[in-house]
Amino acid sequence: MNVLTKTDPEIAKLIQQEDVRQRETLRMIPSENYVSKAVMEATGSSLTNKYSEGYAGKRYYQGQANIDEIEALAISRATSLFGADHANVQPYSGSPANLAMYVALAEVGDTIMGMALDMGGHLTHGWKASQTSKFYNAVQYPVDPKTHLIDFDVVRDLAKKHKPKVIVSGATAYPRFFDYAAFKEIADEVGAVCVADIAHVAGLIAADVHPDPVPHAGVVTTTTHKTLRGPRGGMILCKEEYAKAIDRAVFPFLQGGPHNHTTAGIAVALKEAAAPSFKEYAAQIITNAAVLAEGLMARDWNLISGGTDNHLILVDMQNKNLSGKDAAVALERAGIVVNANSIPYDPAPPFKPSGIRLGTPGLTTRGMKEEQMRILASVMADIVDAPEDEAVIAAGKKVVDELAEAFPIPESFVEEVSQAA
Ligand SMILES: *Cc1c(COP(=O)(O)O)cnc(C)c1O
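Residues numbered from 1 in each chain as written. Predicted model: local features only at pLDDT ≥ 70, side-chain atom pairs only at ≥ 80, totals over all residues. Heavy atoms only, no water.

1. Some details on the domain arrangement of the protein chain
Counted only if it meets this: For the domains described, the bounds stem from an automatic or database domain assignment. Working rule for contacts: check all heavy atoms of both residues, and any pair within 4.5 Å makes them a contact. Buried area is a sum: the accessible area each of two parts loses on coming together, probed at 1.4 Å, counted once for each and added. Salt bridges are counted wherever a side-chain nitrogen of Lys or Arg sits within 4 Å of a carboxyl oxygen of Asp or Glu. Side-chain atoms alone can form a polar contact between residues adjacent in sequence; in general such a contact is a pair of N or O atoms within 3.5 Å, and within protein one must be able to donate a hydrogen while the other accepts it.
What the domain assignment reports for the protein chain is domain 1 (40-273) and domain 2 (277-406). When each unit is reduced to the centre of its C-alpha atoms, the spacing between domain 1 and domain 2 is 28 Å. Facing the 28 residues of domain 1 at the interface are 24 residues of domain 2. Carbon and sulfur atoms make up 61% of the surface buried where domain 1 meets domain 2, a total of about 2,300 Å² over both sides. Looking only at domain 1, the three residues that lose the most surface to domain 2 are Pro175, Arg176 and Arg229, adding up to 27% of its buried area. Taken together, the links from domain 1 to domain 2 amount to two salt bridges. Of the charged contacts, one joins Asp208 and Lys279 as a salt bridge, the two residues approaching to 3.0 Å between their closest N and O atoms. Viewed at the interface, domain 2 and domain 1 are joined by 13 residue pairs in polar contact (both at pLDDT 80 or more).

In structure tokens form, the structure reads like this:
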């Protein structure tokens, strides 16, 4: 960062401090990951200087020879990795991708249906604090109060009663697999479009270690920066019949020029995700989460739904007499970064929820396996049992320092990719 250091030392210093923070702490927020240097180089490139409103071959500005090829590569890699008819790689992120999906499939005022935020769904699935609940008549489905699983009888009853145009599956804090076929069946019964938002689990789906929504859902939306391990961005996959409507919704209805530097980063990440070693990576994410869950439950941690199928764990901290926020703060003091999170039927308010959410995509990118998960489960449980004990925090921090040193953030997955070629 020679030039930046000279031009803007304040920002350069903050970025360097963030590099150090990321290196020295353990990233256990399940929506976060570490991208390769190749993805960083693509996103930090001259492509950020170019305007490209429109789509390949149909642009509104000249000078698109390279951009058209980059976007075409991103699209073909996306459709081939996910087996989709069509891909739009221009959404600026996951939330704009979801808005474009609604714009393509429903009129303002129509009914849409998604999982409530406090049950694990995303803001953009129609939560009251989101504009999606103002543009549309949003019906929200819960999880079962006892099992914390989606109850398809409840979803079906709500769908029959409210006749939504769109039924969205997907979540930010649901630790179990989604039964996309069941969602499709209900959508068909009421004449809704079946939509899957796979923002969290896209990498697991790409690697065939999570059920695949593509055969069932008319439209699939995703971010590119969570388990898929690409740059911050969004993507929409869909069946041919929705392709035109989706493309028009993204541009010109909602967005202007695509972020070409991000498109290139997405293309690189999709190439990395097509390598055989990405399958091993994704399988290890799930194994790690299962081992971590087991270790935490052995220490009397109350896991929502009793465990996990995927990359994330949602914990009810109430039996530990600690708020989710206080638990997250104590863990961060030892270098373990998780987030406080509402749990289903949370008696506490959203800004001081009863739960924490954690996951294994980042640690698995750093190469950690079962043994390190067992170590971390024990460290985390010790800290939560004594959140104000300085000696316990210091002992935890020491273990974290050793792990962070032994498992550096990898710079490159290139070897993996060239092996695949
Ligand atoms: C993260 C997430 C989004 C939103 O993505 P942003 O890039 O933060 O806008 C949408 N849906 C789900 C299910 C998510 O987990």
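2. As for the packing of aromatic side chains
Heads up, the condition is: When two rings of Phe, Tyr or Trp (its six-membered ring) have centres within 6.5 Å they constitute a pair, described as stacked for plane angles under 30 degrees, edge-to-face for angles over 60, and tilted for the intermediate range. Type-normalised accessible area, obtained with a 1.4 Å probe on protein chains alone, sets the label of each residue: buried when under 20%, exposed when over 50%, and partly exposed for intermediate values. Charge over a ring is defined by NZ of Lys or CZ of Arg lying within 6 Å of the ring centre and within 35 degrees of the ring normal.
Considering all chains together, one arrives at ten aromatic pairs under this definition. Arranged with centres 6.3 Å apart and planes meeting at 85°, the rings of Phe135 and Tyr136 form a pair that is edge-to-face. Ring geometry for Phe178 versus Phe183: centroids 6.3 Å apart, planes at 40°, classification tilted. Classification of Phe178 as buried rests on a relative accessible area of 7%. Above the ring of Tyr34, the side-chain terminus of Arg27 is found at 4.9 Å from the ring centroid. Above the face of the Tyr281 ring, Arg229 is positioned so that its terminal group lies 4.0 Å from the ring centre.

3. Structural notes on the site of the ligand
Filter applied, for reference: It suffices for a single heavy atom of a residue to lie within 4 Å of a molecule or strand for the residue to be listed as near it. Reported accessibility uses the Shrake-Rupley method at a 1.4 Å probe radius. Residues are deemed covered only where the shown protein chains occlude them. In this analysis the probe radius is 1.4 Å and the grid spacing 1 Å, with only protein atoms considered; a cavity is a set of points the probe fits into but cannot get out of, a pocket is an open set with protein on both sides within 12 Å along at least five of seven lines, and lining residues have an atom within 4 Å of a point. Whether a molecule sits in a cavity or pocket is decided by its atoms, more than half of which must lie within 2 Å of the grid points. Segments assigned H or I by DSSP are reported as helices when at least four residues long, segments assigned E as strands when at least two residues long, and all are numbered from the N terminus.
Surveying the vicinity of the ligand reveals 13 residues, the closest of which are Ser93, Ser95, Asp197, His200 and Lys226. Ser93 places a polar side-chain atom, nitrogen or oxygen, 2.4 Å from an oxygen atom of the ligand. Contact between the ligand and Asp197: a nitrogen atom at 2.6 Å from a side-chain N or O atom of the residue. Taken by itself the ligand offers 390 Å² of open surface, and the protein chains cover 86% of this. Judged by its atoms lying within 2 Å of the grid points, the ligand is housed in the largest pocket. Broken down by element, the shell around the ligand gets its largest block of residues, three residues, from helix H5 (residues 94-105).

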